[in-house]
Structures are given as C-alpha cells and as structure tokens.
Amino acid sequence: MQQQTMTKVTGLRADSDFFRFEERDELDYQLVLDVLHGRRLGVIFRSVIPQAARKELTDRFWRSPALRHREGEPSHYVGAYHWNKSTATYLDETAEVIEDVKAVIDVPGSPWATFREGMAQALAQEGASLRLAEMNGRSACPALIRAWDQPGQFSLDPHEDSAQCQDPRQVGFEIQNVIQHSICAVNMCVEHTAGGRLVVWNIRPDDEARRALGIELTGIPYPPESLAEFDEIRLDIREGDIYAFNGAFVHAVDANTGNRSTVSYIMGFTGADTVVSWT
Ligand SMILES: [Fe+2]
C-alpha cells in the first residue's frame with residue numbers, strides 16, 4: 001500500500017474576531033479600509049450594483065472582442081493579469097487590452113467607478129490616495145472581468161494572492177511593497193447562476209509552506225486535504241454583490257453552475273499614504 005505524505009501548511013492563523021465577514025446592504029468604505037489596514041478579514045455588500053449596470057456590463061463582457069480563455073487556471077476573461085510573468089509583459093498586455101477593459105466597465109452606474117470614487121474619498125479623509133500601480137510611466141490594468149469555469153469541487157482552486165507578489169521577474173514593481181501591508185482583493189459580481197461560494201480558510205501561509213508545495217511564486221494550488229485542519233468560511237455570492245477581503249489567506253471559489261462573472265482587482269498600501277491597485 002502506498003502511503004501519501006501530506007504537506008502541512010504552516011503560517012499564521014487569525015483569531016475569531018478577525019476571521020469573519022462583515023455583511024451590509026449598502027456600501028460602507030470604512031469597512032474596506034479596515035481590510036486594507038489589516039483590521040478585519042473581509043466585508044460583503046449585498047445587492048449594491050444597480051440591476052441595469054449588472055446586465056449591461058455582463059453583455060459587454062461576453063460580447064467583447066478581447067474576450068479570452070485562460071488555460072491552467074481556467075476562466076473566460078477580459079483584461080491582463082500579472083500572475084507568473086514579468087512586469088514588462090504584464091504592462092505590455094495591459095496596454096493592448098486597456099481600451100477593451102474600459103469599454104466593458106464604463107457602463108451607466110458602473111460599480112467599478114462607484115467603488116473607486118468611494119474608496120478614494122474614504123482614503124483622502126486619512127490623507128491617503130488611490131491610483132493604478134505603475135512602473136516607468138506605464139499603468140497596471142484597472143480591472144479583470146472574468147468567469148471561472150473549472151469543473152469539479154472548485155471552479156477556482158485554493159490559492160492566495162500574496163505569493164505572486166514576490167516574483168523576481170517583478171522586482172521594482174511597486175506592488176511588491178504591498179506584501180508588508182495587507183493585500184485586499186476586490187470582486188464585483190455582475191452575473192451569477194448557482195453555487196460558486198467564496199471559500200476562505202483560516203491560514204495565511206508562510207514561505208516555508210509555499211516552498212514545500214512548490215508554489216513559492218504562484219500561490220496555487222493548495223491541495224484541499226492540506227487545508228482540512230483549518231476553520232473555513234463559505235460565503236454565498238449573488239449577483240449584485242461587492243466583496244473585499246484579505247487575499248493573503250487561502251481562498252477558492254467552490255463548484256458553480258452557469259455563469260459567475262465578476263469585475264475584480266487587488267489593492268493595497270505601498271507606504272503610509274498610497275494605495276495602488278492592479279490585476
Ligand atoms: Fe485570489
């Protein structure tokens with residue numbers, strides 16, 4: 001009989017006061033600031049995207065000439081992502097697609113624009129500002145619009161968003177400074193059929209855990225059995241919801257049927273008074 005050795009995921013577990021989602025029926029940017037400052041795990045705002053905006057954005061996404069299919073971490077998407085590539089490649093890909101991204105998100109009642117303005121105002125009250133991450137005068141992508149479509153237990157495998165920010169091919173890109181602060185993943189659900197809950201485990205893996213799994217620079221996948229010992233949250237996501245959470249904790253999207261389309265980006269402090277976003 002073959003004995004399989006299971007890699008133990010080492011790292012930081014949060015206390016129960018931290019490890020929970022705050023839930024509201026209207027946008028409250030102070031709660032997102034709490035995530036950015038590392039004071040809470042996450043927050044979800046229910047049904048805050050206007051119905052017409054959801055529909056228009058979804059239509060534009062599926063009709064976009066820039067719609068692509070991503071292998072490996074399967075999804076349909078419009079936009080560019082920095083994961084597992086050089087900064088130059090990411091910024092080149094962003095430049096190619098940015099007008100298509102804007103064409104999708106710039107709908108009347110755009111949740112991207114509403115949330116962005118609200119965050120910028122809340123940050124301004126504490127003397128901080130929000131902008132796209134940049135390097136050598138070139139900007140990160142404002143958003144990635146995507147629909148995960150992997151069949152099975154998870155439509156997006158367990159992973160975290162921190163490992164990808166220490167890729168040596170991206171040294172000098174300011175997003176690498178966010179690792180010292182909190183990584184805040186922002187998702188806006190514009191289309192949803194069934195399933196596709198957000199799953200978050202109470203473990204923030206360290207480098208040793210990533211090395212043992214051979215995912216030091218990608219942060220994906222964490223085998224589900226290696227996460228069984230940790231507390232988890234399974235959060236229903238519905239059309240119209242906006243949620244933000246600390247992406248350094250292992251998270252996934254569980255099985256979903258039909259389309260589950262979101263507008264997303266990641267943001268974080270690079271210093272005392274600057275928050276940058278990227279995809
Ligand atoms: Fe993620």
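Conventions adopted
Residues numbered from 1 in each chain as written. Predicted model: local features only at pLDDT ≥ 70, side-chain atom pairs only at ≥ 80, totals over all residues. Heavy atoms only, no water. Helix = DSSP H or I, 4+ residues; strand = E, 2+ residues; numbered from the N terminus. Rg over C-alpha atoms; globule rule 2.2 N^0.38 Å. Contact = heavy atoms within 4.5 Å. Areas by Shrake-Rupley, 256 points an atom, 1.4 Å probe, with all protein chains shown as cover. Lys, Arg positive; Asp, Glu negative; His and termini not counted. Charge placed at Lys NZ, Arg CZ, Asp CG, Glu CD. Buried < 20%, exposed > 50% of the residue type's maximum accessible area, 1.4 Å probe, protein only. Polar contact = N/O pair within 3.5 Å; in protein donor to acceptor, adjacent residues only side chain to side chain. Pairing = 2+ DSSP bridges. Right-handed = clockwise from strand over helix to strand, strands pointing away. Phe/Tyr/Trp six-rings, centres within 6.5 Å; stacked < 30°, edge-to-face > 60°. Lys NZ or Arg CZ within 6 Å of the ring centre and 35° of its normal. Donors = N, O, S within 2.8 Å, 3.2 Å for Na, K, Ca; no water. Core = buried A, V, L, I, M, F, W, Y, C linked by side-chain atoms within 4.5 Å. Axes fitted to C-alpha atoms, helices over the stretch in contact; angles between N-to-C directions. Parallel < 35°, antiparallel > 145°, perpendicular 65-115°, else oblique.

(A) Spatial organisation of the overall build of the chain. Broken down by element type, the chain carries five helices and 18 strands. In terms of overall dimensions, the chain is globule-like: its C-alpha atoms have a radius of gyration of 18 Å, near the 19 Å expected for 279 residues. Its C-alpha atoms give the chain principal-axis dimensions of about 60 × 40 × 40 Å. For the chain, the share of sequence-separated contacts (at least 6 apart) that also reach a separation of at least 24 residues comes to 79%. Within the structure as shown, the chain displays about 12000 Å² of accessible surface, and the carbon and sulfur contribution to it stands at 46%. Counting 27 positive and 41 negative side-chain charges, the chain places the centres of these two groups 1 Å from one another.

(B) Looking closely at unusual backbone geometry. Here the bond from Ile220 into Pro221 is cis, since omega is -5 degrees, no more than 30 degrees from zero. Checked against the element boundaries, Pro221 lands in the loop between α5 (207-213) and β14 (232-235). For Ser47, which is not a glycine, the phi torsion comes out positive at approximately 55 degrees. Turning to its location among the elements, Ser47 is positioned in the loop between β3 (42-45) and α2 (51-63). We note that Asn84 has phi near 60 degrees; this positive angle belongs to a residue other than glycine. Among the structural elements, Asn84 can be located in the loop between β5 (75-78) and α3 (87-105).

(C) Spatial organisation of helix α1 (residues 29-36). For α1, a buried count of seven out of eight residues is recorded, marking the element as mostly surrounded by other parts of the structure. If you check which residues of α1 are buried, you get Tyr29, Leu31, Val32, Leu33, Asp34, Val35 and Leu36. For α1, the capping residue at the N-terminal end is Asp28, with a side-chain oxygen 3.1 Å from the backbone nitrogen of Gln30. Two residues or fewer after α1 comes Gly38, characterised by a positive phi angle close to 75 degrees.

(D) Highlighting the pairing of strand β2 (residues 21-24). For β2 and β3, the ladder comprises four bridges, and the chain directions are parallel. Looking at β3, one finds that Phe21 is bridged to Gly42. A crossover links β2 with its parallel partner β3, the connecting element being α1, and its sense is right-handed.

(E) Highlighting the packing of aromatic side chains. Evaluation of the coordinates by the stated rule reveals nine aromatic pairs. An angle of 75 degrees between the planes, with centres 5.6 Å apart, marks the rings of Tyr77 and Tyr81 as edge-to-face. For the residue pair Tyr77 and Tyr81, the accessibility class agrees, reading buried in each case. One aromatic cluster is present, built from ring pairs that chain together Phe18, Phe19 and Phe249. Over the face of the ring belonging to Tyr81 we find Lys85, whose NZ or CZ atom lies 3.9 Å from the ring centre. Lying over the aromatic face of Tyr265, Arg116 brings its terminal NZ or CZ to 5.2 Å of the ring centre.

(F) Main features of the coordination of the iron ion. Distances from the iron ion to its protein donors, namely His159 (NE2), Asp161 (OD) and His251 (NE2), fall within the range 2.2 to 2.3 Å. Residue His251 is classed as buried on the basis of its relative accessible area of 4%.

(G) Molecular detail of the side chain of Thr94. Inspection of the secondary structure puts Thr94 in helix α3. Take Thr94: its relative accessible area is 1%, and that puts it in the buried class. What Thr94 contacts, discounting residues up to four positions off in sequence, is Ala80, Ser139, Ala140 and Cys141.

(H) Here's a closer look at the nonpolar core. Within the largest apolar cluster, 54 residues are counted, with the highest numbers of intra-cluster contacts made by Phe115, Met119, Met267 and Trp278. Contact partners of Trp278, with chain neighbours within four places excluded, come to His82, Tyr90, Ala133, Ala140, Cys141, Cys165, Ile175, Val178, Tyr265, Ile266, Met267 and Gly268.

(I) Looking closely at the packing of α1 against helix α4 (residues 111-124). The interhelical angle for the contact between α1 and α4, taken along N-to-C directions, is 75 degrees, at an axis separation of 9 Å. Considering their axes alone, α1 and α4 lie roughly perpendicular with respect to each other. Across the interface between the two elements, Tyr29, Gln30, Val32, Leu33 and Leu36 from α1 touch Thr114, Phe115, Gly118, Met119, Ala122 and Leu123 from α4.

(J) Geometry of the sheet that holds β14. Spatial ordering of the open sheet is given by β10-β16-β12-β14, a layout of four strands whose pairing is antiparallel. For this open sheet the edge positions go to β10 (154-159) and β14, each flanked by a neighbour on one side alone. Each neighbouring strand pair of the sheet contributes to a mean axis angle of 20 degrees, computed without reference to strand direction. Both strand β12 (residues 198-201) and β14 contribute to a ladder of four bridges, which runs antiparallel. Looking across to β14, one finds that Leu198 is bridged to Leu235.

Distances and angles like these do not, on their own, reveal function.
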